[in-house]
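Report on the structure
Here is what each chain is made of, one letter per residue.
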Amino acid sequence: GAGVSQSPSNKVTEKGKDVELRCDPISGHTALYWYRQRLGQGLEFLIYFQGNSAPDKSGLPSDRFSAERTGESVSTLTIQRTQQEDSAVYLCASSEDFGRNEQFFGPGTRLTVL
Amino acid sequence: GENVEQHPSTLSVQEGDSAVIKCTYSDSASNYFPWYKQELGKRPQLIIDIRSNVGEKKDQRIAVTLNKTAKHFSLHITETQPEDSAVYFCAASNTGNQFYFGTGTSLTVIP
């Protein structure tokens, strides 16, 4: 079936604007993760959704960042009042329930804040 | 929480030689250890994983070893080829919880 998809693939915005990034996980995957990857850097955990449980927001860097997920489907990551340091690739990943941990990554959204 | 450290950050090997990347973790509750390969401009992809009930796993030229007592695990690539050049990330997870990634190793295989 289809893999994890993300949109847009590229987003250029001006400092101070809000942006919304979308992730479509693999159908049936209950777990969904958002990561940030700055150029040449590792994967920085942002937020994790697991089924109907309260999300783990411990990785969100500031209150300008928020994310939502409707049931076990689409998730959106919103960054308000973007700053230049928000420029990065934002990766989404999904995985099956507790017993299966393999994460499947989406292609990412490259965000550039001018 | 969990802390995963990965070494080295960069690694260059001659084609045909072996490459070894090492990771340590801090949380003894972690029980799943995947390795991801990320080629330039592409998404990370799982190449091999190991669970805490085994000590070694092999898949052709790739192997992973796990030492639960010492809390470290390693990726071994034998007979390296230029297409193995990429960034490799290790990760640790406790089933059902978030993943903690290492900082990555940039592997270059010199033809």
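Notes on the structure in this doc start here. (Residues numbered from 1 in each chain as written. Chains lettered and ligands numbered in written order. Predicted model: local features only at pLDDT ≥ 70, side-chain atom pairs only at ≥ 80, totals over all residues. Heavy atoms only, no water.)

Here Ser93 of chain B is to be found in strand β9 (residues 86-93). Ser93 of chain B sits 42 residues away from Arg51 of chain B along the chain, and the two C-alpha atoms are 9.7 Å apart. Once residues within four sequence positions are removed from consideration, Ser93 of chain B is found in contact with Asn101 of chain A together with Ser30, Asn31, Tyr32, Gln98 and Phe99 of chain B. (Helix = DSSP H or I, 4+ residues; strand = E, 2+ residues; numbered from the N terminus. Contact = heavy atoms within 4.5 Å.)

Residue and element names in this part refer to chain A. Spatially, β1-β3-β7-β6 is the arrangement adopted by the four strands of the open sheet, whose pairing is antiparallel. The outermost strands of the open sheet, each flanked by one partner alone, are β1 (5-7) and β6 (65-69). Averaged over all adjacent pairs, the angle separating strand axes in this sheet is 15°, with direction ignored. As defined by bridge partners, β1 adjoins strand β3 (residues 19-24) across three bridges and the pair is classed as antiparallel. The residue bridging Gln6 from the neighbouring strand is Cys23, located in β3. (Pairing = 2+ DSSP bridges. Axes fitted to C-alpha atoms, helices over the stretch in contact; angles between N-to-C directions.)

All names here are of chain B. A sheet is described by the order of its strands in space; here five strands give the open sequence β1-β3-β8-β7-β6, paired in antiparallel fashion. Edge strands, defined here as strands with exactly one partner in the open sheet, are β1 (5-7) and β6 (56-59). Each neighbouring strand pair of the sheet contributes to a mean axis angle of 15°, computed without reference to strand direction. Sheet topology note: the β1/strand β3 (residues 19-24) ladder contains three bridges and is antiparallel. Bridge pairing in β3 links His7 to Lys22.

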